[in-house]
Structures are given as C-alpha cells and as structure tokens.
Protein chains: 2
Amino acid sequence: MEGRNFLRFLFLFFSCALVLLYTWVHLPYDPSSSAKLHDCTANAPWCVSKNRFQTKKPNFLKNRLKPNRHRNHAADVPHHPLDPLTVQEINKIRTILSSHALFKNSATYALHSVELEEPDKALVLKWKRGDKLLPRKASVIARVNGVSHVLTVDLTTSELTVVQTGYDSGYPMMTIEDMTSAIWAPLASYEFNRTIIQRGVDLADLACLPISTGWYGKMEENRRLIKVQCYSMKETANFYMRPIEGLTVLVDLDTKQVVEISDKGKNIPIPKAANTDYRYSTMEYNKVKRLVNPISIEQPKGPSFTIEDEHLVKWANWEFHLKPDARAGVIISGAKVRDPDTGELRNVIYKGFTSELFVPYMDPSDAWYFKTYMDAGEYGFGLQAMPLDPLNDCPRNAYYMDGVFAAADGTPFVRSNMVCVFEKYGGDIGWRHSESPITGFAITEVRPKVTLVVRMAASVANYDYIVDWEFQTDGLIKITVGLSGILMVKGTPYDNMNEVPLNEYLYGTLLSENVIGVIHDHYVTFYLDMDVDGSDNSFVKVNIERQQTSGESPRKSYLKAKRNVAKTEKDAQIKFKLYEPSEYHVINPTKKTRVGNPVGYKVVSGGTAASLLDHEDPPQKRGAFTNNQIWVTPYNKTEQWAGGLFVYQSHGQETLATWSERDRSIENKDIVVWYTLGFHHIPCQEDFPIMPTVSASFDLKPVNFFESNPILRVPPNFENDLPICVSTASA
Amino acid sequence: MEGRNFLRFLFLFFSCALVLLYTWVHLPYDPSSSAKLHDCTANAPWCVSKNRFQTKKPNFLKNRLKPNRHRNHAADVPHHPLDPLTVQEINKIRTILSSHALFKNSATYALHSVELEEPDKALVLKWKRGDKLLPRKASVIARVNGVSHVLTVDLTTSELTVVQTGYDSGYPMMTIEDMTSAIWAPLASYEFNRTIIQRGVDLADLACLPISTGWYGKMEENRRLIKVQCYSMKETANFYMRPIEGLTVLVDLDTKQVVEISDKGKNIPIPKAANTDYRYSTMEYNKVKRLVNPISIEQPKGPSFTIEDEHLVKWANWEFHLKPDARAGVIISGAKVRDPDTGELRNVIYKGFTSELFVPYMDPSDAWYFKTYMDAGEYGFGLQAMPLDPLNDCPRNAYYMDGVFAAADGTPFVRSNMVCVFEKYGGDIGWRHSESPITGFAITEVRPKVTLVVRMAASVANYDYIVDWEFQTDGLIKITVGLSGILMVKGTPYDNMNEVPLNEYLYGTLLSENVIGVIHDHYVTFYLDMDVDGSDNSFVKVNIERQQTSGESPRKSYLKAKRNVAKTEKDAQIKFKLYEPSEYHVINPTKKTRVGNPVGYKVVSGGTAASLLDHEDPPQKRGAFTNNQIWVTPYNKTEQWAGGLFVYQSHGQETLATWSERDRSIENKDIVVWYTLGFHHIPCQEDFPIMPTVSASFDLKPVNFFESNPILRVPPNFENDLPICVSTASA
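Note that the coordinates shown come from a computational prediction; the quantities given were computed from them, not determined experimentally.

**Student:** Any chance you could explain helix 6 (residues 190-198) of chain A here in plain terms?
**Tutor:** Note: α-helices contain 3.6 residues per turn, so residues at a spacing of three or four share the same orientation. Residue and element names in this part refer to chain A. Looking at helix 6, one finds that the buried residues are F192, N193, T195 and I196. Along the axis of helix 6, the buried positions cluster into a sector of 160°, meaning they face one direction only. Here helix 6 starts with a cap whose side-chain oxygen sits 3.3 Å from the backbone nitrogen of E191, and that cap is S189. Positive backbone phi, at 85°, marks G200, one or two positions downstream of helix 6.

**Student:** What is the right way to look at the sheet that holds strand 4 (residues 160-165) of chain A in this model?
**Tutor:** Residue and element names in this part refer to chain A. Ordered in space as 1-2-3-4, the four strands form an open sheet in which the pairing is antiparallel. Edge positions in the sheet fall to strand 1 (109-116) and strand 4, since each has one partner strand and no second. Direction aside, the axes of adjacent strands within the sheet are offset by 25° on average. Sheet analysis places strand 1 next to strand 2 (residues 137-144), joined by seven bridges and oriented antiparallel. Bridging across to strand 2, A110 finds its partner in R143. Here helix 2 (residues 87-98) sits on the sheet in contact with strand 1, strand 2, strand 3 (147-154) and strand 4, set at roughly 120° to strand 3.

**Student:** Hey, could you run me through the nonpolar core in this one?
**Tutor:** Nonpolar side chains tend toward joint burial in soluble globular proteins. Formed by 293 residues in total, the largest nonpolar core has its most connected members in A:W469, A:F471, B:W469 and B:F471. With residues near it in sequence (within four places) discarded, A:F471 still touches A:W315, A:W318, A:F320, A:I332, A:A335, A:T451, A:L452, A:V454, A:L476 and A:I477.

**Student:** Looking at this structure, I do not really get unusual backbone geometry. What am I missing?
**Tutor:** Residues and elements named next belong to chain A. In this structure, the amide linkage connecting F688 to the following residue, P689, adopts the cis form with an omega of -5°. Relative to the helices and strands, P689 is located in the loop between strand 32 (669-681) and strand 33 (691-703). At A316, a residue that is not glycine, the phi angle is positive and equals roughly 45°. Along the polypeptide, A316 turns up in the loop between strand 11 (312-315) and strand 12 (318-325).

**Student:** Whenever I open this one, the UniProt feature "active site" (unreviewed entry) in chain A confuses me. Can you help?
**Tutor:** Residue and element names in this part refer to chain A. The feature "active site" (unreviewed entry), as annotated in UniProt, sits at D375 and Y463 in this numbering. For the residues just named, distributed over 89 residues, the greatest C-alpha separation is only 10.3 Å, placing them together at one site. Mapped onto the elements of the fold, D375 is located in helix 7 (residues 375-379). Of the residues examined, D375 reaches a relative accessible area of 3% and is grouped as buried.

**Student:** How do you make sense of the interface of chain A and chain B when you look at a structure like this?
**Tutor:** Interface size is often expressed as the accessible area that is lost when the parts come together. Contacts between the two partners involve 203 residues from chain A and, on the opposite side, 204 residues from chain B. For the chain A and chain B pair, buried surface summed over both sides reaches about 18300 Å², with 59% attributable to carbon and sulfur atoms. Ranking the residues of chain A by area buried against chain B places A:I295, A:I438 and A:R555 at the top, with a combined share of 5%. The tally of links from chain A across to chain B stands at 16 salt bridges. The salt bridge partner of A:R555 is B:D617, with a shortest N-O separation of 3.7 Å. Counting across the interface, chain A meets chain B through 104 residue pairs in polar contact (both at pLDDT 80 or more). Across the side of chain A that touches chain B, the residue classes break down as 105 nonpolar, 55 polar and 43 charged. Note that strand 9 (residues 296-298) of chain A and strand 9 (residues 296-298) of chain B share three bridges and pair antiparallel. By the bridge assignment for strand 9 of chain B, A:I297 is matched with B:I297.

Cut-off values and rules
- Note on numbering: residues in each chain are counted from 1, in written sequence order.
- Throughout, the order in which chains and ligands are written sets their labels, letters from A for the former and numbers from 1 for the latter.
- The predicted nature of this model means local features are confined to residues of pLDDT at least 70 and side-chain atom pairs, given and counted, to a pLDDT of 80 or more, with totals for whole chains, interfaces and linings taken over all residues.
- Side-chain numbers come from the whole structure's heavy atoms, not from hydrogens or water.
- Summary of the burial criterion: residues with accessible area below 20% of their type's maximum are buried, those above 50% are exposed, and those between are partly exposed, where the area comes from a 1.4 Å probe applied to protein chains only.
- Under the DSSP-based scheme used, a helix requires at least four consecutive residues in state H or I and a strand at least two consecutive residues in state E, with every element numbered from the N terminus.
- The arc in question is traced by the directions running from the helix axis to the C-beta atoms.
- We call two N or O atoms a polar contact when they sit within 3.5 Å, provided that within protein one can donate a hydrogen and the other can accept it, with sequence-adjacent residues counted only if both atoms are side-chain atoms.
- Pairing between two strands is assigned when DSSP locates at least 2 bridges connecting them.
- Angles run from 0 to 180 degrees between N-to-C directions of axes, and those axes are lines fitted to C-alpha atoms, restricted for helices to the stretch in contact.
- Any pair of residues with heavy atoms lying within 4.5 Å of one another is described as a contacting pair.
- In this text, buried Ala, Val, Leu, Ile, Met, Phe, Trp, Tyr and Cys residues form a nonpolar core when linked through side-chain atoms within 4.5 Å.
- UniProt positions are given in the numbering used here, feature names are shortened, and annotations may be inferred rather than shown by experiment.
- Note on terms: buried area is the combined drop in 1.4 Å-probe accessible area of two parts once they are placed together, counting the loss on both.
- Salt bridge, as applied in this entry: a Lys or Arg side-chain nitrogen positioned within 4 Å of an Asp or Glu carboxyl oxygen.
- Gly is placed with the polar residues, together with every amino acid not listed as nonpolar (Ala, Val, Leu, Ile, Met, Phe, Trp, Tyr, Cys and Pro) or charged (Asp, Glu, Lys and Arg).

Below, the structure is given as structure tokens:
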C-alpha cells in the first residue's frame, strides 16, 4: 500500500507540475491580449500535457519556419454573414448564458458546441459586401445537469431561446474536457492501477485514449459512457504501438466514475518500443536517409490569391468563403467561378463540408467490437485539427488560417494554423495538343495545370486525416481525403505468422512482433449544397446502357446515354456499379447553354469502397448514411449532419438514411448532394510504425456549365516568367 | 474541267513546294552527322507538311525554352542488353535486309517494325554492368509483295532468319508512310474532288485522316484497307472541329487505290471555324487570360536523379531501365527499389509498358461504326508520341529522352524529346502525425512527398494521351493516363437542342452549332511482368467478405479478409465489384518478412470503367482483352501485345483473352499481370474546342514487401534548404 500511495502521489505531483509548465508553453493566445481567453491554469485538466515529448530541437532544426502562433484575435470583427464567431462574440455569449436562469441555478453545465447560427440562406444569398451585416446569432449546445439543450443566442438583443431540451437518443459531441478528463478517471481505481502495475507498466508511462462506446442496447442507454484503453509510452512517443491489450475501462462521462473494468489480455505481452518512434529528432544521425535534393514550389511574384476580411478567398477565376468549424473542420461557402465569356461570377456550391466520418473496426471481440468511430459527431473533426507544419504540411507561400472555438466553460480559445491555402503546381498538364506525324503540322500547345488547395489535417488520436479542397481553373473541384498517422493496433502473443494455427484468424495483419494491424473501413461523408447558377437544381442520372443493333449496322452493339431526372429522394439513392455505369449531374433545368444543354456540374467518383456490414448491425444503423454512395435531399437547414445532430451513443433514428426514406420531391428544388468516400484498410507492414499517406478523391466537374473550355485562352509557361533560384547555402 | 485541272495542278505544286520547305524546316537530325539518316527529300510523302500552321512566334514567345532538337545520335552505342537499336544498328540492319534475296528480288517492301529483339529474360537477369554485352539482335516485321514476314536479324553474324511468313488474320502496325500516303490517295479520285468542291471546300483547305477500318467480315478480309475522312482547315488549325460529315473514302493501303466512296452527309453543313483555334499565337491579346502568377518547381541543387548510359535511371531508392518504343511508347524494365534496412536493390517489375489501347465510338451509323481504334497495334503509340514542350509538358529540371526509330525503307530517324523524366512536388504529404488535444503532447512530424515521373504524350491524330509512370520513395508506383487534345466530332444540321426531335438520339452531345461530340470509351491495357524479389510469384485474391456473428459479440457482422491463391489463369480473370471487394496481391511465396508475411505488391485500382459491348460484337472480339480489368498469364515471350501481334484488321483470334482461356497454371510461376484502365467519355461543352485533361490511374503498392515504412527516416523540409528565388524580370 505504502508503495502504491507513493506512486499515486508521484503521479499527481508530476501532473500538477505539468499543468503549470504547459500553460507556460502552450497558452494559445497573445498574453497581451485584453480579451478574456480560456485560462489553462484555471481549466485543467484539458490543458494538461506531459511535455516529455516536447523535444529540445537540435541545431539543424532551429531554422524551421515557425507557424505564426499567437496571432491576436481579440480585435476580430465579423464582416460577412457567414464569418465564424469572434473572440468577443464568444465572450459575450458566455456572459449571456451565465446570467440566464438555466445556467445560474445549475450545479454543473458544459457547452458542447458554440457556433454561428447561419442566417437564412435567402438572406445570405441577397447580402452583398457593403450591406449592413445580418443580425448575429449563435447556436449553442449545452449539457445542464445531465440534460442536453439546443439554444439560440441573439447577439444583438442578448436574448436566449431554448430550441429543444432533451433528445430521443444520442448525446452532443464530446468536449475536449470530456475526453481529457475521461482518460485520467481510471487512475482513481485501485483495481486499474494494480492491473497496470501487474502488466509491468509504470503509471508515469501510461497514455490512455477515450474511445466512444457506440450503442449496442440497454448497456449504453440513459447515461453518457466512454471506454478508456491504455498504452505504455515507455521509450517511445509512439505509444499507440504498445497497447496494454484487452484492458477496457468503462467510464461515466458525466460523473467520471469507473463503471466497469474488463481485462482479457493478461497473457498478452506489451509490444516492444524498438523502431516505433517516428520523430526526426530521435533518429540516429547515421540512419537518417536524405533521398532527394531540396525541392520547392516557387512563385517569384508571390501567390495569386488574396483573402479579404480574413475569410473571403479570391483566386484566379474562383471566389469562396472559408471558415474553420469545430465539428466539420472546414466549411466552404458561396463558391463561385467566373465565366470567361460574360465575366460574371456564377454560383456552384452554397455550402460544402465534411458532414460525418464512420470508421468501423472489423474485430468483434470484447476489447474491439465497439470501435466504430464517428470522428465529426463524437470527437469534433475540427477540434482535432492541429496546427499545420509550414513547408511540410503546406508548401511555400501558403496562407494559414486560425480557428477560434469555445471551451466547455464558454471561454474562447485559438487553434493556430488550423487551415492552409496554397497554390499547387506539380508539373501536371491543364490541356495539350500536338499535331502528329500524320498531318505533320508544326503545332504543340500545352498549358500547365495550377490549382488552389484548401487543406486541413485532423489528428483524431492515432489517425491523421488530410482533407483537401482543390479548385481548378477549368472549373473542377477535387475533394481528396488522405489517410496517414498511426494505426490502431492490437496486442498478440504471436511473434511470427508461423506460430499462428491455420484455423486461427487474426482480424488483421501481423505488423511486427506482438502487433496486429486490425482491418477497418473509413467512410467520409460530404455535405454538398449545390447551387448551380441558382438554388433550384435537379439531379440527373445519365445511365450508360448497351444497345443491341438490329442488322442496320455492322456493329452488334453500342453504348447509349439515357438521361433520367430523379423525381424524389429514393430515385437518388445511388449505389455505384461498374457494369451499370452512370454519370450523376446536378443541373439547372431553367438555364441552358447557347446550344441548349442544361448547365450543370457532375459528381465524378474516384476509387471508393462501400460498407458491407449488416444493415441491422447497430454500428451500421448509426452509420446508415454510408448505405449508398450518393444521396440527394431537399435543402433543410436542420439536416446537415449525416449521422444526426446528436451522434454520440445515438441509436441511428435520425440519420441521412431516415430523412431520405421520406422520399421528398427533389426535382427543380434547392437540393443537397451527399457523397461518401470509402476505404477498406487491410493494414500492411509498410503502415508500421506510421502510415505513408493513402488518398482517394472525387470531383465536382462542370458539364455543359461553360459554353466551351474555360481555360482556352490562358498562356503557357515562358522561360522568362519563371524564377531564378539559388540554394540558400550559396545565397 | 479546265478549272478542276487547274485546281489539281495548284494543289500538286503546293505540295511539292512544301516537301522542300518541310525538309528544310524539320530535318530531324544534325546535318553534320555522318550517319545515314532518313532523307525526307527522297522519302516523300510522309515528310510532307503544310507548314501553314508553323506560326511565326511573336516576340513574347521568343524566350520560350527550345527543346534540345538535333541531338546527335550518330555515335550512340548500346551499353545495356535492353538498350534500343542505335542509328548505326538500324543502318546495318537495312544493309543486311537489302542484300537478302527476299528483299533484293521484291518489287515492293516496307518495314513496319524494326525493334531490338530482347535477349532471353534469364540472360538479362544474370547480366551485370561491366559484363560483355549480350549478342544484339533485331526483330523486323516487313511486308514484302503483300505478305507479312517476321524476321530476326543477328547483328553480330549479319544472319537473317525468317521466323514466320503470313498470318491467320491481321496486318502489322501501319507505317507512317501508310498513313500519310493514304490521306492523299482520295485526291486522285475525280468523284472525291468533285464532292469536296461541292461541299464548298477548297482542296487546299483539305485535311484528311487515316482511320483504321477494323474488321467486320468479308469486306475487310484479304486486303489491307483504310478509311479516309476529311475536314476543312480553312481559318483554323483545329480542322477536327470542321468535319466534312458522312464522307468516307475506302482506300487500299497497298495499292493506294480508292476502293469505294460513301457520301451520306451532303445535307450536313461544315461547322464554323469561329472559336475553334487553340493556339496561343492566334489569341487576340485582349482576350488572353493570365489567371495566376508564374509558378515553378524549383531545385536549387538540381534534380536528384541521374541517367547512366542514356537509359538507366537512378533516383532516390529506385533504379530502372527506360527506353522509347515505336509501338508501346515507353518501356520500363528492371525496376528495382532499395531496401532501407539491408541496402540491397530488390526486384519489383521486370518489364512494364502500354500493351494496347481500345477506343470504340458509340455510333453505329455508316461513317462512324468502324471507329474502334487500337492506337498501339494500328498506329504505333510511340510513333505518335511527339516532342514534349519544356516548362509546359514537363517542369524545370526535366531530362528529355529522344526516340530512334526506323522509317518504312529502314532508314533511322530521331524523335526528339519524346520522353521526359522529372521530380514532382506539388505540396503533397508523404506521411504525417500530430498529437491531438486529447493527449496534448507537442508532436508534429510531417514529411513532404516527392516523386519521380516518367512522361510521354502521344498525339494519335486528334487525341492526346499523357502516360505517367510515377515512382514514390515509399515503394509505390502510380501509373496515370491523362486524356487531352481534341474530340472526334460529328457534323449535324442542328444548331440547338431545341431543334432536335424528342425521339431522335444524337449519339453524343451538341457541343457547338452543328458539332456533336460522339460518346466513346478509352481502354488502356498495361503489360506488367512483375518480379517481386524474383521471377516466380503467385497472384492472391484477398477477398473482403462479411461475416455474421452468432451472439458471441454485440456486433452482428464484421468484414473478414480471405486469401485465395490463384492456381490457373481463369482464377485470375478479375471483374471488379464494389460490393464484393478484394485486394489483388502479387506475392513471392518463397520469401517472407521477419514476422512471416509473404512479400508482395498489390494492384490498386483507381476509378475505372468496364467495356459493356456485346462480346460477339466484332470490335469487342478484337478488344476482348478488355473483358476483364485484370488478367494474369504465365510469362511467355511471344505474349506481349494484348490484341495480338498483328492487330490491324485482325479477327481477334489471338488476344490476351484467347491466351488466358488456355487456363495455364500461374501459381509460384513467372507471371505477367495485365491491368486495363477504362474511361467512358460522354463529351461536354467544356471539351470544345480542346479538352481539359481527364486522368485516371492505378497503383502498384508494396504490401508487406518492406519490414516497415521505408521512408520513416527521411528528413522533413527545412527553411534553410529551400531556394531563394527572384523573378527573372527583377533579376
């Protein structure tokens, strides 16, 4: 007992020391700022950080470009109806709430979401720069004495309206405080600490993760639960590769009490730390492999884009509003492209963002079955988006945008460099033609492809998601999701496949001694409120079908394109079939090109994967929005989150799938297209200890939107336009 | 008559003048070179070129970087067993042939292919740099007095062996002389000239194309035929947009006689020239749209790759042999990647190239049904690959490789800058991880992605195919095909869709007044002789299947990966199914990783399309190699061309499909993987008058090939490594 108490004392002392240290190191704002920002010292534990991995940078790292941390947002003011809440607005909201009966008289409360309540679409569409700013409102989701409330706060009148109290099923997105407090909770348990020590892990080496429980029935009802699993970070920053396998602690998120401890892995060794660390500063110098000379995207005259009023991006023939969001990560609004003939800006997308993610793991055993993450609705895809690393996450000349969010107590905090914007040129070709030897004409015309990328990278614990919105001058928008980061692995007694009995299935791949990479899927569902030259659009399936000829031609068959306009939602529940191909057009039936084609954009799928889980499987019920690759719904302000507003432990009654079942009319209406990008991931050894990026994408491509190739008249590259560069060494 | 004769005279005079002009302008070699090269003056008509489109470059084009034309290849000597035939070798072959009875005594002959006959794989694999070069042989395909011969010429012994004479069906790839002479043939026809003039086209404005006839029965048997269709190039270089619709001239390729003229388009106007030209030099200055500032990939210390002995490419952890090929375009051989742990070079691919293309158009009418191109076997994918445009086709620091080929009379000629090699960096991320607010550790590790690209662009008349072989440091090879260039369009009386009767189908999209972009598919089939750590490999289907649980878990289902080793060819005839997904591994069953996984590479499909034509349709019989997305065959030196060696007018008896039907054993054997990349192309107005590039790709990705992430130890970018650049203006 003595020993154990001493250990606990040590641990607590250690933690406290670090609270102070962290606040000094990480305070995410300019101390000189007058605005009240989240004060870490007063708001442990979420600010707590073991800084043991804050490596002192060796000299050769000194010159690394620093992100522009500590940008002062105290004086930010909104300019555009869609601009996110400012530091001052968030502070005002906190004041309004705290003076309201609901909060004044309540023992405990936490704010799970404090976001701009966007004005009605009609008003935003009418609004022009220079007009008076539309009334500012905030949508707040709060848990008060264990009850979820959706509130609207009017920032002009300081009025608070309760929109809804309670909910059929599900809880709001976790706060960061929920997650960080949950991972400390088990330490209060004698049994837990004993187990850890019995596993040979020093409590000071413990790193734990909060894992959403999902919903499987009674057990997960009427209380907010989380499962905590732990790792040893002894001798590595990559503790994810050192699971204390089979140990799962069920914690009540509201009371922070340990509800249940399940330990089925006593006989499973903790994998070794050797070769798991990925930090450059820890590499032995002789093992460092510099494979290529320095290479960079260079723009001697600087980037071609401007960002007005912090959020309005203007580049080449594009204009759009860009803002960070705690749940979605990045929101693109009012994307317009300039018509090369008329010069007018034409609407393409009213609003686009990552609505939800669904990541089911494929191991039904006790410590794994519940791992079916919904990273946006459970963890906050934006909350997990960390500062980008200049020159590595984004190239030279990138612009970095900060996120301003609210902590659980309502105080604002700044997430620096959360989003970057940069121009991309990788040597690709926009269009080309050269005449062949057949005609022999001396013609070669080639145009290089330059694009604009909006990027964020969310680190949802082990995994890193890189989301790119790439705008092309030819009107195409490419949306790419890259997967990197670290696998969620499982401990095993096996060192080698030759020890595994033939009839035993590992649920994954043996990646290293005692480490299994468990098979899982990733689904990323995008909300795309398309407004092609106006809000009222139709969804057209252009089916490509074989036609048999009947003797009139030497050909027996050819392919015919048949246009089918989707009348209702069920007509637009799309499952891709390689042998029943279609194009999927969003058209404006009231607007035609010169020669009479309806203007449109098409959704072009790249490689993707479909969820194969049983539709009655609880995780798939909650992730039912992945039952199709495309859905189309009529615009409805309340239908933005594919898994429902309250996803955490939800039963899946309120998802895109249930909305679509209403089969509402979608022809020549303001419609929303939902696209799901999927990955099946069978891990391989190359993914150990950190994964090379795997990407998939889809396109929104103009189809008879322009009268002709919109980049016909762009010039090629000329030698005398390009930079003259010298290496800094020789400079 | 007088008038007509005068016109003809004018035309012939015009042509002759241009023969001389062209030879002066285009002579594709250094005149000072002593080696005998193809002499255009003596070899009209294929050198003939109307140089009317050789625009005098305005001043602002003056500084455009010139490709390094006129590189002298007279002194080239082979260093590697796979090096292509040199100028001297081709000249020697011509001498050997001309002194052989077969050619001496024959009235007419033409060489359709003069290529290196690669030494046996076993010998090449044994050969090391420094060893004596293996005996050099050439494989020659010649047509002598109307009979096809396959010959082998031994360059050491000057011996000529007749391998085969005659063939079941099909003819060799056309020579450039075939194509260029065919397009002049119709002018000998009074009827043709009258029709052209009746259509209001000046003969001097005529541009014609040689269109392979395919095979549909008796009509196309026992004689070599081609169909010629023509366009008006009045007031535009983009004559493809001005078809003389419905006029098809059937020409005998051997006699150059007009066999038949079909004219079903008299009532169809020739579309206007307005807005069809795409050349920068023709743009009105005020209409030129410069959308972005100059941007460039810069490497202050230069590129990181070297090219030894003209063909051996060494970059980062990769090494491979690269050569241009008249039929395939580009051939990659002996691709090896360096193991980061052992430092050894490990085999991945023995040989990879574009084996065949299949481009069926979807209009069964008289002037269109036969358009089902096979660009490699009919036209020569490499013969059509034109010089790349530096800074536009390929970025700064690209290396350009020339092709050396033989003309029909056996004289060598040089295709300058046919292939480029460059390093690509577009701001992408190789791998990354940052710790999240959950743990709060101050860790952000990101590595930029830099790759090496081998590129060629083939202009098969109107269309441009950009083929990229992209090598990544993480061991992945991405093969991308980009489609650009100009559509094959159809004339129509319609100006606007509102004139088209509801029940009339256009077989495509109305792109502009009187212009229809006809629907078509593109299939590009790759030959991939994988040698994963050795020649004997197995093909494994890793099927991802749903498993129902039976009460032991709260989960009802999960996905299980089941490995099935393909025993014979039919086991490896793969059709992709989104709802029956699989991974496709090429493994070495005799070599395992430290923890016991077989080393392998997997074929990863991006977006693709499948051919839906009737399998009994003549074009699909000939293109039967597109009946599956993947095939695997045992290595057989004679099975390299998916459509058969003699594709032109073939009946499809000899294709990948027929070979695979033999169902030979492929387990733990030297196997070849065939992958087909497909596109359905429904044209849209953005494709007019020239198409923005559309791309699709597939990957060859290491799967348990390395013990762990092979780029774990590469450094990130550091500010002080990157260049300092100034714009040339200010320089």
